[in-house]
Amino acid sequence: MSLIVIPARYGSTRFPGKPLVKINGKEMVLHVYDRAKMVKNALEVIIATDDIRIYDCAKKYGAKVEMTSSDIKSGTDRVWEVAKNKSYEIIVNLQGDEPFIDTNVIEQTIEVLENDNEVDISTPVTKIKNIEEVNDPNIVKVVFNDKNYAIYFSRASIPFYRDANIDKRYYKHIGLYCFRKESLKRFVELPQSKLEKIEKLEQLRAIEADMKIKVFKTDYDSISIDTPSDLEKLKNLT
């Protein structure tokens, strides 16, 4: 069985205080927590934060929450700080800006690891339906092989279609990672890679270290909140 950790940082560059913005009267991080609690193949859900405001909000709600170091560099490092002393074999890094993520997608992404011992990390992707997202650097694109192993992630529009008459298919990454515990340990101990620094995408560190990332294709299209304008768009939909 698995552990789900929701890293929640108050000081986001693009959207300070994002975990505590209210959607339909409830803080976003609590929406994510409630979704995670519905996942059948997860035994425990923990919010991981370095901010007392988020900690107090979670405690008041009755959610499991742990304080982590303020010196942690990334959400994945924050997940490891919580998970390293736990006995779970599979650790789920569930981003705190996916308030309406489909619990079936989480369950099925966990199952990828449960069913394939060769995989280090599993993560969901979905076909891009809105062409505007192809050139949006906030939307991470991914290419993968016939066995669904990821080849590359990028903020750019990949692959590049040189022939105009080819049916164009682009896939975007959904903000969810499932790690084997030993793979998560290896990942956080690796130095930042060259491509990771260029694209500002953590998963490229795993690619460059020859770790196996397997994607799960889904029709679900996530609604992530990266900026205040994303929140306004969401309010118009709800």
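All values derive from a computational prediction rather than experimental measurement.

Q: Quick rundown of the packing of helix α3 (residues 75-83) against helix α5 (residues 181-189)? Include the residues and the values.
A: Contact pair α3 / α5: the axes reach a minimum separation of 10 Å and the direction vectors enclose 130°. Judged on the interaxial angle alone, α5 and α3 are oblique. Between α3 and α5 lies a crossing of left-handed hand. Seen from α3, the contacting residues are Thr76, Asp77, Val79, Trp80 and Ala83; seen from α5, they are Lys181, Leu184, Lys185, Phe187 and Val188. Each residue belonging to the contact of α3 with α5 can be placed in one class, and the counts come to six nonpolar, one polar and three charged.

Q: Outline unusual backbone geometry, listing residues and values.
A: Of note, the bond from Ile158 into Pro159 is cis; its omega dihedral lies within 30 degrees of zero at 0°. Following the sequence through the fold, Pro159 ends up in the loop between β9 (150-154) and β10 (171-173).

Q: Help me get a handle on the environment of Ala83, residues and values and all.
A: Along the chain, Ala83 falls in helix α3. Overall, the relative accessible area of 0% leaves Ala83 in the buried class. Setting aside residues up to four positions removed in sequence, Ala83 forms contacts with Leu3, Ile91, Lys181 and Leu184.

Q: Let's hear about the packing of aromatic side chains: which residues, and what values?
A: Enumeration according to the criterion identifies four aromatic pairs in this entry. Relative to Phe179, the ring of Tyr177 lies with its centre 6.2 Å away and its plane at 40°, an arrangement referred to as tilted. Here Tyr177 matches Phe179 in class, with each residue buried. Ring centres 5.8 Å apart and planes at 50° place the aromatic pair Phe179 and Phe187 in the tilted group. Judged by relative accessible area, which is 3%, Phe179 ranks as buried. Here a set of aromatic residues connected by ring pairs shows up, and it is made of Tyr177, Phe179 and Phe187. Just above the ring of Tyr149 sits the side chain of Lys212; from NZ or CZ to the centre is 5.7 Å. Positioned above the aromatic ring of Tyr149 is the side chain of Lys214, whose terminal nitrogen or guanidinium carbon lies 5.6 Å from the ring centre.

Thresholds applied
Residues numbered from 1 in each chain as written. Predicted model: local features only at pLDDT ≥ 70, side-chain atom pairs only at ≥ 80, totals over all residues. Heavy atoms only, no water. Axes fitted to C-alpha atoms, helices over the stretch in contact; angles between N-to-C directions. Helix = DSSP H or I, 4+ residues; strand = E, 2+ residues; numbered from the N terminus. Parallel < 35°, antiparallel > 145°, perpendicular 65-115°, else oblique. Left-handed = near helix turned anticlockwise from the far one by under 90°. Contact = heavy atoms within 4.5 Å. Nonpolar A, V, L, I, M, F, W, Y, C, P; charged D, E, K, R; others polar. Buried < 20%, exposed > 50% of the residue type's maximum accessible area, 1.4 Å probe, protein only. Phe/Tyr/Trp six-rings, centres within 6.5 Å; stacked < 30°, edge-to-face > 60°. Lys NZ or Arg CZ within 6 Å of the ring centre and 35° of its normal.

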